[in-house]
Amino acid sequence: VKILFITVTLSFFIIQIRNTFTVSHIVTGRRYMITYIKLLEKLMNVLIPVIIFVFLKPSVMYLGIGVLISQTVRFYITVKSQRKIMPELKAEKRMVYKGLTKALLAGGIWYSLNQLIVLLNSGVEVVISNIIFGAEVQAEYSLSVEDVHYILTSMINFLNAKGTI
């Protein structure tokens, strides 16, 4: 679960940085390019865990690794296409504000917890493990995933009740 949390958190930061580069697609009227890039990302979100599950024992962390890889590829493609569309648009280090960055980091933790629950609710890894390894392994795996999901949901509900979120 630690690796899953780390990969989802890193994905959050990649998404936040990437969003600054999608402006050029919107400004130049090429939103369709964003759609194609999203389509590629969604395909990778499905294919990467399937490929990993074929070679390794199914684990929830592979979903996070798949999301991180697909977000990294989407970031790379977005930046490359932005530089072709609008090369005069640049991000400089002096434009980063420390106070806003700290607020973004704090929000990223809660985003990461929420994304963990979304990943666990999707059940994709359980279906894939059933197809590849059979019903017995899938049953054991789904029980362990359900425990992690219950713990994360309980923790968020507790923090919500305390008024921390």
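What this report covers is the structure whose coordinates are included nearby. Remember, it's a predicted structure, so these values are computed and weren't measured experimentally.

Moving on, we get to the overall build of the protein chain. Scanning the protein chain from N- to C-terminus turns up seven helices and zero strands. Within the protein chain, buried positions represent 35% of all 165 residues. Sequence-distant contacts, at least 24 apart, represent 79% of the contacts inside the protein chain between residues at least 6 apart. Carbon and sulfur atoms form 68% of the exposed surface of the protein chain, whose accessible area is close to 10500 Å².

Next up on the list: the packing of helix α3 (residues 31-55) against helix α4 (residues 61-85). Packed helices, taken two at a time, are described by their axes: the angle between them and the distance between them. Contact pair α3 / α4: the axes reach a minimum separation of 8 Å and the direction vectors enclose 150 degrees. Relative to α4, the element α3 is oriented roughly antiparallel. Along this stretch, α3 crosses α4, giving a crossing that reads as right-handed. Here the residues of the contact of α3 with α4 sort into 17 nonpolar, six polar and three charged.

What follows covers the pattern of salt bridges. In the structure shown here, the tally under the stated rule is one salt bridge. In this structure, the salt-bridge partner of Glu41 is Arg74, at a minimum N-O distance of 2.5 Å. Within this pair, whereas Glu41 is found in helix α3, its partner Arg74 is found in helix α4, the two being separated by 33 residues in sequence.

Under the defined criterion, the tally for this structure stands at four aromatic pairs. Judged by centre distance (5.3 Å) and plane angle (70 degrees), the ring pair of Phe12 and Phe13 falls under edge-to-face. With centroids separated by 6.1 Å and ring planes inclined at 65 degrees, the aromatic side chains of Phe53 and Tyr62 adopt a geometry described as edge-to-face. Across this residue pair, the class does not change: Phe53 and Tyr62 are buried.

A surface patch of positive charge is lined by Lys80, Arg83, Lys84 and Lys90. Looking at where Lys84 falls in the secondary structure, it is placed in helix α4. Judged by its relative accessible area of 74%, Lys84 is exposed.

Mapped onto the fold, Thr7 is located in helix α1 (residues 2-21). Not counting residues up to four positions away in its chain, the partners in contact with Thr7 are Gly64, Ile65 and Leu68.

Right, let's talk about the packing of α1 against α4 for a bit. In contact at an axis separation of 8 Å, α1 and α4 are set at 15 degrees when each is read in the N-to-C sense. On the basis of the axis angle, α1 is roughly parallel to α4. Helix-helix and strand crossings are classified by hand; for α1 and α4 the assignment is left-handed. On α4, the residues touching Ile3, Leu4, Thr7, Leu10, Ser11, Ile14, Ile15, Ile17, Arg18 and Phe21 of α1 are Met61, Gly64, Ile65, Val67, Leu68, Gln71, Thr72, Arg74, Phe75, Thr78, Val79 and Gln82. Across the contact of α1 with α4, the residue classes tally to 13 nonpolar, seven polar and two charged.

How each quantity is defined
- Residues numbered from 1 in each chain as written.
- Predicted model: local features only at pLDDT ≥ 70, side-chain atom pairs only at ≥ 80, totals over all residues.
- Heavy atoms only, no water.
- Helix = DSSP H or I, 4+ residues; strand = E, 2+ residues; numbered from the N terminus.
- Buried < 20%, exposed > 50% of the residue type's maximum accessible area, 1.4 Å probe, protein only.
- Contact = heavy atoms within 4.5 Å.
- Areas by Shrake-Rupley, 256 points an atom, 1.4 Å probe, with all protein chains shown as cover.
- Axes fitted to C-alpha atoms, helices over the stretch in contact; angles between N-to-C directions.
- Parallel < 35°, antiparallel > 145°, perpendicular 65-115°, else oblique.
- Left-handed = near helix turned anticlockwise from the far one by under 90°.
- Nonpolar A, V, L, I, M, F, W, Y, C, P; charged D, E, K, R; others polar.
- Salt bridge = Lys/Arg side-chain N within 4 Å of Asp/Glu carboxyl O.
- Phe/Tyr/Trp six-rings, centres within 6.5 Å; stacked < 30°, edge-to-face > 60°.
- Patch = residues over 30% accessible without salt bridge, like charges linked within 9 Å, V, L, I, M, F, W, Y side chains within 5 Å.
- Lys, Arg positive; Asp, Glu negative; His and termini not counted.
- Charge placed at Lys NZ, Arg CZ, Asp CG, Glu CD.

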